[in-house]
Amino acid sequence: MASTTLRFPTPRHLNQLYAGREENLSLVERALGVVLVAREDWLKIEGSDTDVARTELLFGFLNDVRTQGVAIRTNDFTRIVETLARGEVESLKQLFGEPLVISTQRKSIVPKTLGQKLYLQSMIRNPVVFGIGPAGTGKTYLAVAHAINLLLKNKVQRIILTRPAVEAGETLGFLPGDLREKILPYLRPLYDAMHDMLDAKDVAALTEKGVIEIAPLAYMRGRTLSHSFVILDEAQNTTPEQMMMFLTRLGEDSRMVVTGDVTQIDLPRSKQSGLVEVGRILRDIDGVDFHYFSGADVVRHPLVLKIIEAYERYKNPIGQTDEKV
């Protein structure tokens, strides 16, 4: 029987590593076959030589996460423990080997949760990525940040941001102006994200030159989008036909990110969501990756997470589960 004690600068430092939940320490004991005792600023580990070494490695990974500025949530903690228990040490080394920072003109952006970091890594590695999950998880914001970073590095020539205008034909149809002017309210969140990362004058200049294009999904039909970073936001409100149309716009040296929340579909009940369907069609294609966010990835006001969880409990009583797309 081996034993070792890990010491940390403060009790809060140790508490952050296991998300402040005693049940997370119990999970480690079951998964890695050790006995843990946590007191103040130290953690005692008892077990076989191999199991103690694995547990030390686990808390080393967790400390790397914390020092990179990533908040450790229970879902993240569970994922890391289960990965280590399967012996997939190399995948954890790749995940935590170095901080992931997105540089834009106005700020540097660091993923705040493990889910966000996995999402960014997916965008770096795959030409087409789907980011699916609740509001406040940073799906669109991180995609815009990554797009701007690639534009500033001259790795893409254009950024194209688009959204379906589900209600424009009815609610806004009586307003003067062309379709672009009518659906401006629907595109506003994309402008907000853009202005958070670039100076307003630069956004205006790049938009004027066509380097940045923010337009309704209808404007994508018939085009081939080459050397571009293309983001489809609010994709739960696309029909299957619109989704196929959009994805087949992918041109040479381009990347696409599709974001949406399948719990917020505004389409008429008679119409299927293209985002729900596409997961069943493309999930086995190399170069296409689906990343699912959970409530644990919400980075808005803490009440947002509680609101999401309350709605999930209401829609899915105990004993019922949702099937992922």
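As shown above, the structure is provided for reference.
Numbering of residues begins from 1 in every chain and follows the order in which that chain's sequence is written. Per-residue local features are limited, in this predicted model, to residues with pLDDT of at least 70; the limit for side-chain atom pairs, both in listing and counting, is 80 or more; totals at the level of whole chains, interfaces and linings are taken over all residues. Values shown for side chains rest on all heavy atoms present in the structure; no hydrogens or waters enter the calculation.

Asker: Which parts of the structure should I look at to understand the side chain of Asn 24?
Answerer: With respect to the element layout, Asn 24 can be found in helix 2 (residues 22–32). Dropping the residues within four chain positions of it, Asn 24 is found in contact with Tyr 18, Ala 19, Thr 74 and Phe 77. Counting from the N terminus, the helices are the DSSP runs of H or I reaching at least four residues and the strands are the DSSP runs of E reaching at least two. Whether two residues are in contact is decided by their heavy atoms: any pair within 4.5 Å suffices.

Asker: Would you mind going over the sheet that holds strand 6 (residues 128–132) with me for this structure?
Answerer: Sheets are built from strands that pair by backbone hydrogen bonding, the pairs being arranged parallel or antiparallel. Two strands make a pair as long as DSSP finds a minimum of two bridges between them. The parallel open sheet is built from six strands, whose spatial order is 8-7-9-10-6-11. Two strands close off the open sheet at either side, each with one partner strand: strand 8 (212–216) and strand 11 (288–292). Looking at each pair of strands side by side, their axes are set apart by 15 degrees on average, direction ignored. Pairing of strand 7 (residues 158–163) with strand 8 involves five bridges; the strand directions are parallel. Bridged to Ile 160 within strand 8 is Glu 213. Angles here are taken between N-to-C directions and fall from 0 to 180 degrees, while the axes themselves are lines fitted to C-alpha atoms, restricted in helices to the stretch in contact. Seen against the sheet, helix 6 (residues 114–125) touches strand 6, strand 10 (255–260) and strand 11 and runs at an angle of roughly 150 degrees to strand 10.

Asker: Teacher, can you tell me more about the pattern of salt bridges here?
Answerer: When their charged atoms lie close together, side chains carrying opposite charge are able to pair. Throughout this description, the term salt bridge denotes a Lys or Arg side-chain nitrogen within 4 Å of a carboxyl oxygen of Asp or Glu. A complete count under the given rule lists six salt bridges for this structure. In this structure, the salt-bridge partner of Glu 23 is Arg 21, at a minimum N-O distance of 3.2 Å. Under the scheme applied here, a residue whose accessible area is under 20% of the maximum for its type counts as buried, over 50% as exposed, and between as partly exposed, the area being computed with a 1.4 Å probe on protein chains only. Here Arg 21 falls in the partly exposed class, since its relative accessible area comes to 39%. Residues Arg 163 and Glu 234 are paired through a salt bridge, measuring 3.3 Å at the closest nitrogen-oxygen approach. With Arg 163 in strand 7 and Glu 234 in the loop between strand 9 (228–232) and helix 11 (240–247), the pair connects residues that are 71 residues apart, well separated along the chain. Note on Glu 234: relative accessible area 28%, which makes it partly exposed. A single salt-bridge network, built from bridges that share partners, covers Arg 163, Asp 233 and Glu 234.

Asker: Got a minute to help me understand the nonpolar core in this structure?
Answerer: Proteins that are soluble and globular tend to have nonpolar side chains buried together. One finds Tyr 119, Met 123, Val 144, Leu 161, Met 194 and Ile 231 to be the most contacted residues of the largest nonpolar core, which totals 33 residues. Counting residues per element, the ones that place at least two in this core are helix 6, helix 7 (139–152), strand 7, helix 9 (184–197), strand 8 and strand 9. In terms of residue count, helix 7 provides more of this core than any other element does, eight residues in total. Once you skip the residues sitting within four places of it in the chain, Met 194 turns out to touch Val 144, Ile 148, Ile 159, Leu 161, Val 203 and Ile 212. Within this scheme, the nonpolar core is defined by two criteria: the residues are buried Ala, Val, Leu, Ile, Met, Phe, Trp, Tyr or Cys, and they are joined through side-chain atoms within 4.5 Å.

Asker: Help me understand a nonpolar patch on the surface, please; the structure alone is not making it clear to me.
Answerer: Together, Leu 303, Ile 307 and Tyr 311 make up an exposed nonpolar region whose accessible area comes to about 330 Å². Note on placement: Tyr 311 falls in helix 13 (residues 302–315). By relative accessible area, which is 52% here, Tyr 311 ends up exposed. Without a salt bridge and with relative accessible area above 30%, a residue can belong to a patch; like charges are then joined within 9 Å and nonpolar side chains (Val, Leu, Ile, Met, Phe, Trp, Tyr) within 5 Å. Using a 1.4 Å probe, accessible areas were evaluated by the Shrake-Rupley method; residue-level cover was limited to the displayed protein chains.

Asker: Quick question: what am I supposed to make of the packing of helix 2 against helix 4 (residues 74–85) here?
Answerer: Any two packed helices are characterised by how steeply their axes cross, that is the angle between the axes, and by the distance between the axes. Helix 4 packs onto helix 2 with a crossing angle of 10 degrees between their chain directions and a minimal axis gap of 10 Å. Taken together, the axis directions place helix 2 and helix 4 in an arrangement best described as roughly parallel. As helix 2 packs across helix 4, the resulting crossing turns out to be right-handed. Where helix 2 abuts helix 4, its residues Asn 24, Leu 27, Val 28, Ala 31 and Leu 32 lie against Thr 74, Phe 77, Thr 78, Val 81, Leu 84 and Ala 85. Basically, the charged four are Asp, Glu, Lys and Arg, the nonpolar ten are Ala, Val, Leu, Ile, Met, Phe, Trp, Tyr, Cys and Pro, and anything else, Gly included, counts as polar. The class makeup of the residues in the contact of helix 2 with helix 4 is eight nonpolar, three polar and no charged. Here roughly perpendicular refers to angles of 65 to 115 degrees, roughly parallel to angles under 35, roughly antiparallel to angles over 145, and oblique to all remaining angles. When the near helix sits turned anticlockwise from the far one by under a right angle, the crossing is termed left-handed; a clockwise turn instead gives a right-handed crossing.

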